[in-house]
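The lines below spell out each chain.
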Amino acid sequence: FINGKRAQNVFSARSLFYGEGVFETFRYKERSPVLLDSHLERMRVGAEFLKIPFPCEESLIELIQKAVLESEIQDAYVKVCLLSEGNVTFSQTSVESQVLVIVKEYIQPEQFIKLKVNSLRRMSDSPLLRVKSTNYLENILARREALSFGFDEALFLNEKDQIAECAASNLFWFKDETLFTPSEGCGLLVGTTRNLIVSYMADSDINILEGNFLLEDLTDADFVFTTNSLTGCVPVSKIEGDSFDTDHPLFLRIQNALLKELKWI
């Protein structure tokens with residue numbers, strides 16, 4: 001019953017009840033995103049893990065393109081969700097899926113952001129951290145906490161106090177002539193933009209190191225930045241009480257190279 005009336009069908013009930021669904025978000029600027037294949041592959045892997053039927057990739061791309069075309073938005077924020085349907089007994093598996101596409105005007109990111117370390121810890125061995133699922137409550141609560149203290153974004157540490165990721169982005173910092181980023185084992189969702197940065201560094205003259213790092217390893221970093229598929233990379237001006245350069249020449253070089261790779265400029 002919904003609002004006192006008998007419901008013939010509850011829209012994607014398993015996603016509604018349990019957060020059993022996967023999603024991807026990206027910027028669609030006058031053309032399909034450069035990393036669209038990577039987004040769809042991550043969605044496919046997540047759907048397979050959650051046992052949600054995955055549609056034909058060509059039909060999924062058509063649905064995305066149709067939604068963007070009908071929106072008539074030239075520079076769009078796009079969110080694609082694969083929603084789960086089937087028996088609502090929680091231990092059962094999905095028998096069908098629906099594709100939900102949300103399109104709205106793209107909003108340019110802030111010039112720089114401030115991070116607050118979240119009061120809760122990520123469990124690094126949780127298999128759900130590798131799935132971009134529609135159960136996003138932990139990230140929502142973390143972002144709300146950061147905003148309530150006057151910050152822009154939350155930074156997660158894991159149960160070993162190692163740096164993991166932000167509520168909706170991955171983290172990098174430059175120190176001692178090396179670019180650092182937490183490894184997947186720290187408990188993070190490996191982002192498509194993060195992978196692009198790592199690949200770019202491998203072909204450049206800049207050293208990059210993935211590993212397990214504590215918050216103190218960020219101290220005295222030359223610069224810090226976050227990455228995701230909507231913002232590209234954004235410099236961090238502050239983490240708690242520590243401040244960082246937001247106009248470092250090397251960061252601007254990395255940012256410009258990323259924008260060109262994504263064909264945003």
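Each residue is numbered by its place in its chain's sequence as written, counting from 1. Side-chain atom pairs in this predicted model are given and counted only at pLDDT of 80 or more, local residue features only at pLDDT of at least 70, and totals for whole chains, interfaces and linings cover all residues. Heavy atoms throughout the structure, all of them, feed into the side-chain values; hydrogens and water do not.

S.K.: Explanation requested: the pattern of salt bridges in the structure shown.
M.R.: Two side chains of opposite charge can pair, provided their charged atoms sit close to one another. A side-chain nitrogen of Lys or Arg and a carboxyl oxygen of Asp or Glu constitute a salt bridge if their distance falls within 4 Å. Scanning the entire structure with this criterion turns up 14 salt bridges. Linking E48 and R44 is a salt bridge whose minimum nitrogen-to-oxygen distance equals 3.3 Å. Residue E48 and its partner R44 are both found in helix 2 (residues 36–50); the two are separated by four residues, about one turn of the helix. A salt bridge links D205 to R253, with the nearest nitrogen and oxygen atoms 2.8 Å apart. Placement of the pair is D205 in the loop between helix 5 (192–202) and strand 9 (207–211) and R253 in helix 6 (residues 249–261), with a sequence separation of 48 residues. We classify D205 as exposed; its relative accessible area is 62%. Burial classification: accessible surface area is computed with a 1.4 Å probe over protein chains only, and a residue below 20% of its type maximum counts as buried, one above 50% as exposed, and the rest as partly exposed. A residue is classified by how much of its surface remains accessible, and R253, at 38% relative accessible area, is partly exposed. Connected via shared salt-bridge partners are E41, R44 and E48. Secondary structure counts use DSSP, requiring at least four H or I residues in a row for a helix and at least two E residues in a row for a strand, with both numbered from the N terminus.

S.K.: What am I meant to see in a negative patch on the surface here?
M.R.: Patch definition: residues with relative accessible area over 30% and no salt bridge; like charges joined within 9 Å; nonpolar side chains (Val, Leu, Ile, Met, Phe, Trp, Tyr) joined within 5 Å. For the area figures, the Shrake-Rupley method with a 1.4 Å probe applies, and any residue is considered shielded solely by the protein chains shown. Neither His nor the chain ends contribute to the count of charged residues, in which Lys and Arg are positive and Asp and Glu negative. In plain terms, the charge of a residue is placed at NZ if it is Lys, CZ if Arg, CG if Asp and CD if Glu. On the surface, D176, E177, D220, D222, E240, D242, D245 and D247 cluster together into a negatively charged patch. By secondary structure assignment, the location of D242 is in strand 12 (residues 242–243). Exposure remark for D242: the relative accessible area of 40% places this residue in the partly exposed category.

S.K.: Honestly, the packing of helix 2 against helix 3 (residues 57–71) in this entry has me stumped. Any pointers?
M.R.: The relative placement of two packed helices is expressed as an angle between their axes plus a distance between the axes. Fitted lines through C-alpha atoms give the axes, limited to the stretch in contact for helices. The angle between two N-to-C directions lies from 0 to 180 degrees. Relative to each other, helix 2 and helix 3 sit at 120 degrees, their axes nearing to 12 Å. Between helix 2 and helix 3, the angle is such that the two are oblique. The two elements helix 2 and helix 3 meet at a crossing, and its hand is right-handed. Together, L36, D37, L40 and M43 of helix 2 and E57, L60, I61 and I64 of helix 3 make up the contact between the two elements. Its residues placed into classes, the contact of helix 2 with helix 3 shows six nonpolar, no polar and two charged. Each angle is binned into one of four classes, with values under 35 degrees roughly parallel, values over 145 roughly antiparallel, values of 65 to 115 roughly perpendicular, and all other values oblique. Take the far helix as the reference: if the near one is turned anticlockwise from it by less than a right angle, the crossing is left-handed, and if turned clockwise, right-handed. Two residues form a contact once any of their heavy atoms are found within 4.5 Å. Charged residues are taken to be Asp, Glu, Lys and Arg, nonpolar residues to be Ala, Val, Leu, Ile, Met, Phe, Trp, Tyr, Cys and Pro, and polar residues to be all remaining types, Gly included.

Don't take any of this as a statement about function, it's just geometry.
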